[in-house]
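The residues making up each chain are set out below.
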Amino acid sequence: DVKVTQSSRYLVKRTGEKVFLECVQDMDHENMFWYRQDPGLGLRLIYFSYDVKMKEKGDIPEGYSVSREKKERFSLILESASTNQTSMYLCASNSGVGTDTQYFGPGTRLTVL
Amino acid sequence: GEDVEQSLFLSVREGDSSVINCTYTDSSSTYLYWYKQEPGAGLQLLTYIFSNMDMKQDQRLTVLLNKKDKHLSLRIADTQTGDSAIYFCAAPDPNRDDKIIFGKGTRLHILP
């Protein structure tokens, strides 16, 4: 069974802290994605990675960075968290082949105080 | 690029049919998706339809595709309380087909 896991379901951090969100997939997928989801704005792509050590900016990369040192793991980093980064963060992966859909993790609800 | 639009809210009485509508802009989309997000969870693929199809039926779900109008709909027959969720319409990014463009999601609310 396909599985994407995220390190935390809920996280509370203070302004200025460095925050790491981890995502792991067990499907040997090439592509991994980080989105944030906000009411009325839907899903917005932050970054994606199409191979180990490869990354591309999505629609809203400002304030974020990513790391993909191993194929199965894709990390989202908030170098200095701000209150406007309070959101639901969703990780996804896919093989990038044909009609292959994206498989999503359960999400991490981050609150920055 | 692709733009996917859908209304944000829909209320339906339990037992009635729900119809969630979506429009997209890129006529070259080879397939279109519907995802479901239950409260507190990530998105799960509900169904997808190839662009050479007009209709796809799967139990209570019917997907209709009007390519001329670039209009996609999801019909849920006999709507149940368990259908309460956010439904996202999605299409491949024409510039990079391993990316998907999502609509903002339609929150389906079931009335007793």
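Residues numbered from 1 in each chain as written. Chains lettered and ligands numbered in written order. Predicted model: local features only at pLDDT ≥ 70, side-chain atom pairs only at ≥ 80, totals over all residues. Heavy atoms only, no water.

**Quick look at the pairing of strand β5 (residues 43-50) of chain B**
Residue and element names in this part refer to chain B.
No. 1: By the bridge criterion, 7 bridges tie strand β4 (residues 31-37) to β5 in an arrangement that is antiparallel. Its bridge partner lying in β5, Gln37 is registered against Leu43.
No. 2: Linkage of β4 to β5, two consecutive antiparallel strands, is achieved through a turn of 5 residues, within which Gly40 is found at a positive phi near 75°. (Pairing = 2+ DSSP bridges. Helix = DSSP H or I, 4+ residues; strand = E, 2+ residues; numbered from the N terminus.)

**A short note on the interface of chain A and chain B**
No. 1: With 24 residues of chain A at the interface, the matching set in chain B holds 20 residues.
No. 2: Interface area, chain A with chain B, both sides summed: about 1,700 Å², of which 55% is carbon and sulfur.
No. 3: Counting the contacts that link chain A with chain B gives 0 salt bridges.
No. 4: Where chain A packs against chain B, one counts 5 residue pairs in polar contact (both at pLDDT 80 or more).
No. 5: Breaking the side of chain A that touches chain B down by element, the ones donating at least two residues are β4 (31-38), β5 (42-51) and β9 (87-94) of chain A.
No. 6: Here the element with the most residues in the side of chain A that touches chain B is β5(A); it accounts for 5 residues.
No. 7: A class-by-class count of the residues in the side of chain A that touches chain B yields 10 nonpolar, 11 polar and 3 charged. (Contact = heavy atoms within 4.5 Å. Buried area = accessible area lost by both parts, 1.4 Å probe. Salt bridge = Lys/Arg side-chain N within 4 Å of Asp/Glu carboxyl O. Polar contact = N/O pair within 3.5 Å; in protein donor to acceptor, adjacent residues only side chain to side chain. Nonpolar A, V, L, I, M, F, W, Y, C, P; charged D, E, K, R; others polar.)

**A look at the pattern of salt bridges**
Residues and elements named next belong to chain B.
No. 1: Counted under the stated rule, the structure contains 12 salt bridges over all chains.
No. 2: One salt bridge connects Lys67 with Asp54, and the closest N-O pair in it is separated by 3.3 Å. Here Asp54 lies in the loop between β5 and β6 (55-58) and Lys67 lies in the loop between β7 (61-66) and β8 (71-76), a separation of 13 residues in the sequence.
No. 3: Judged by its relative accessible area of 52%, Asp54 is exposed.
No. 4: Across the salt bridge formed by Lys99 and Asp93, the nearest N and O atoms sit 3.6 Å from each other. (Buried < 20%, exposed > 50% of the residue type's maximum accessible area, 1.4 Å probe, protein only.)

**Remarks on the packing of aromatic side chains**
No. 1: For the structure shown, the criterion picks out 14 aromatic pairs over all chains.
No. 2: Seen in terms of ring centroids, Phe104(A) and Tyr35(B) are 5.8 Å apart; in terms of plane orientation they differ by 85°. Their pairing is edge-to-face. Here Phe104(A), found in strand β10 (residues 103-104), pairs with Tyr35(B), found in strand β4, and the two come from separate chains. Like Tyr35(B), Phe104(A) is buried.
No. 3: Ring geometry for Tyr31(B) and Phe50(B): centres 6.3 Å apart, planes at 80°, overall edge-to-face. Taken together, the residues span a long stretch of sequence, with Tyr31(B) in strand β4 and Phe50(B) in strand β5 at a distance of 19 residues.
No. 4: Judged by relative accessible area, which is 7%, Tyr31(B) ranks as buried.
No. 5: Overall, Phe50(B) belongs to the partly exposed group, its relative accessible area being 33%.
No. 6: Through pairs of rings, three or more aromatic residues link up here, namely Phe33(A), Tyr35(A), Phe48(A), Phe104(A), Tyr31(B), Tyr33(B), Tyr35(B), Tyr48(B), Phe50(B), Phe88(B) and Phe102(B). (Phe/Tyr/Trp six-rings, centres within 6.5 Å; stacked < 30°, edge-to-face > 60°.)

**Considerations on the sheet that holds strand β1 (residues 4-6) of chain A**
Consider a sheet: its strands pair through backbone hydrogen bonds, and that pairing is either parallel or antiparallel.
Residue and element names in this part refer to chain A.
No. 1: As summarised here, the arrangement of the 4 strands in space is β1-β3-β8-β7, forming an open sheet in which the pairing is antiparallel. Every other strand in the sheet has two partners, leaving β1 and β7 (65-70) as the edge strands with one partner each. When strand polarity is set aside, the average angle formed by the axes of neighbouring strands in this sheet is 20°.
No. 2: Of the pairings in the sheet, the one linking β1 to strand β3 (residues 19-25) comprises 3 bridges and is antiparallel in character. Among the inter-strand pairings, Val4 is bridged to a residue of β3, identified as Gln25. (Axes fitted to C-alpha atoms, helices over the stretch in contact; angles between N-to-C directions.)

**What about the sheet that holds β8(B)?**
Residues and elements named next belong to chain B.
No. 1: Taken in spatial order, the 5 strands line up as β1-β3-β8-β7-β6 in an open sheet, and their pairing is antiparallel. Whereas interior strands pair on both sides, the edge strands pair on one side only; in this sheet they are β1 (4-6) and β6. Averaged over all neighbouring strand pairs, the angle between strand axes comes to 15°, with direction disregarded.
No. 2: Across 4 bridges, β6 lies against β7 in antiparallel orientation. Bridging from a neighbouring strand, Gln57 pairs with Thr62 of β7.

**Here we look at the side chain of Thr108(A)**
Residues and elements named next belong to chain A.
No. 1: Along the chain, the position of Thr108 falls in strand β11 (residues 108-112).
No. 2: Take Thr108: its relative accessible area is 0%, and that puts it in the buried class.
No. 3: A polar contact is formed between the side chain of Thr108 and the backbone oxygen of Ser8, at a distance of 2.5 Å.

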